[in-house]
Amino acid sequence: MKKLDESSQLTILLTLKDRVEFTYRWMEYAQFVKLPFKVLIADGGISDEICNKFSSGELYPDVNYHYIRYPHDNTYLDYYAKILDALSKVDTHYVVMADNDDFFIPEGLQKSIEFLETHDDYICSRGAIAAVNIDSYGKRGNGVLY
């Protein structure tokens, strides 16, 4: 597969509203896989914990992220205003939206970019959606990961 300079092609817009532990898990995953895309974090949560830790942009050195604190998402109007403002700050050709429980495989996003780059008649691309569940009982009562 031809390697593109993903960091200049795609921004992942990560929208937050609380669930702080999910955000840490998402960013730790991005750090672990050395996510090669820009990440714009749009936080409309009530807690200041993420703001205090992420504002410096240095917490995850292998993730190219920018953190923006928005007013609390009290209403859908607040949420949509946050999305609109955050999208206006995206400076890459492509954007994908994510919640802090959505995990991307970088090679899949790269394939989507390659598809869009070679198919001018398309405006979006999507890969497969998969689910991973951890069940305390599992199919056989043994805590299966499936």
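Residues numbered from 1 in each chain as written. Predicted model: local features only at pLDDT ≥ 70, side-chain atom pairs only at ≥ 80, totals over all residues. Heavy atoms only, no water.

Looking at unusual backbone geometry
For D18, which is not a glycine, the phi torsion comes out positive at approximately 65°. Phi at K34 is positive, roughly 50°, even though this residue is not glycine. With respect to the helices, strands and loops of the structure, K34 is situated in the loop between α1 (20-32) and β2 (38-43). (Helix = DSSP H or I, 4+ residues; strand = E, 2+ residues; numbered from the N terminus.)

Points about the side chain of T92
Summarising the element assignment, T92 is placed in the loop between α3 (76-88) and β4 (94-98). Within the local environment of T92, its side chain forms a polar contact with the side chain of T11, the two groups lying 2.8 Å apart. A polar contact of 2.7 Å, which involves the side chain of T92, links it to the backbone oxygen of Y94. (Polar contact = N/O pair within 3.5 Å; in protein donor to acceptor, adjacent residues only side chain to side chain.)

Side note on a nonpolar patch on the surface
Taken together, the side chains of L87, V95 and M97 present a nonpolar region at the surface, about 220 Å² in accessible area. Residue class for V95 comes out partly exposed when judged on its relative accessible area of 39%. (Patch = residues over 30% accessible without salt bridge, like charges linked within 9 Å, V, L, I, M, F, W, Y side chains within 5 Å. Areas by Shrake-Rupley, 256 points an atom, 1.4 Å probe, with all protein chains shown as cover. Salt bridge = Lys/Arg side-chain N within 4 Å of Asp/Glu carboxyl O. Buried < 20%, exposed > 50% of the residue type's maximum accessible area, 1.4 Å probe, protein only.)

Section: the packing of aromatic side chains
Throughout the structure, instances matching the rule amount to 9 aromatic pairs. Between Y29 and F103, the aromatic rings sit 5.3 Å apart at their centres with planes inclined by 85°, giving edge-to-face as the arrangement. Of this pair, Y29 sits in helix α1 while F103 is found in the loop between β4 and α4 (106-118), placing the two residues 74 residues apart along the sequence. A residue is classified by how much of its surface remains accessible, and Y29, at 24% relative accessible area, is partly exposed. A network of ring pairs unites the aromatic residues Y24, F54, Y60, Y65 and Y67 as a single cluster. Above the face of the F22 ring, R19 is positioned so that its terminal group lies 4.4 Å from the ring centre. The positively charged end of R25 is found above the aromatic ring belonging to F22, 4.9 Å away from the centroid. (Phe/Tyr/Trp six-rings, centres within 6.5 Å; stacked < 30°, edge-to-face > 60°. Lys NZ or Arg CZ within 6 Å of the ring centre and 35° of its normal.)

A short note on the sheet that holds β4
Strand order in the open sheet made by the 4 strands is β3-β2-β1-β4, with parallel pairing throughout. Looking at which strands have only one partner, the edges of the open sheet turn out to be β3 (64-69) and β4. Taking the axes of each pair of neighbouring strands and ignoring which way they run, one obtains an average angle of 20° across the sheet. In terms of strand pairing, strand β1 (residues 10-16) meets β2 through 6 bridges, oriented parallel. From the neighbouring strand, T11 faces β2, where its bridge partner is K38. Here α3 sits on the sheet and contacts β1, β2 and β4; the angle it forms with β1, its principal contact strand, is near 155°. (Pairing = 2+ DSSP bridges. Axes fitted to C-alpha atoms, helices over the stretch in contact; angles between N-to-C directions. Contact = heavy atoms within 4.5 Å.)

Brief notes about α1
Compared with an ideal rise of 1.5 Å per residue, which puts 13 residues at 18 Å, α1 spans 18 Å between its outermost C-alpha atoms and is within 8% of the ideal. Those residues of α1 not exposed but buried are V20, T23, Y24, W26, M27, A30 and Q31. Buried residues of α1, viewed axially, fall in a sector of 160°; they line one side. Of the residues in α1, the exposed ones pointing more than 90 degrees away from the buried face are E21 and F32. In this structure, the buried residues of α1 make contact with β1, β2, α2 (49-54) and β3. The first or second residue beyond α1 is K34, which carries a positive phi of 50°. (Expected span 1.5 Å × (residues − 1). Arc of directions from axis to C-beta.)

Concerning the nonpolar core
Ranked by size, the top nonpolar core spans 27 residues in total, and within it I12, W26, M27, V39, I41, F54 and Y65 carry the most contacts. Going through the elements one at a time, β1, α1, β2, α2, β3, β4 and α4 are the ones with two or more residues in this core. Of the residues forming this core, the biggest block, 5 residues, is contributed by α1. Sequence-distant contacts of V39, defined by excluding residues within four places in its chain, comprise I12, L14, W26, V63, N64, Y65 and H66. The next biggest cluster of nonpolar side chains, apart from the first, holds 7 residues, and it includes A42, Y70, A86 and V90. (Core = buried A, V, L, I, M, F, W, Y, C linked by side-chain atoms within 4.5 Å.)

The values are spatial; any link to function lies outside them.
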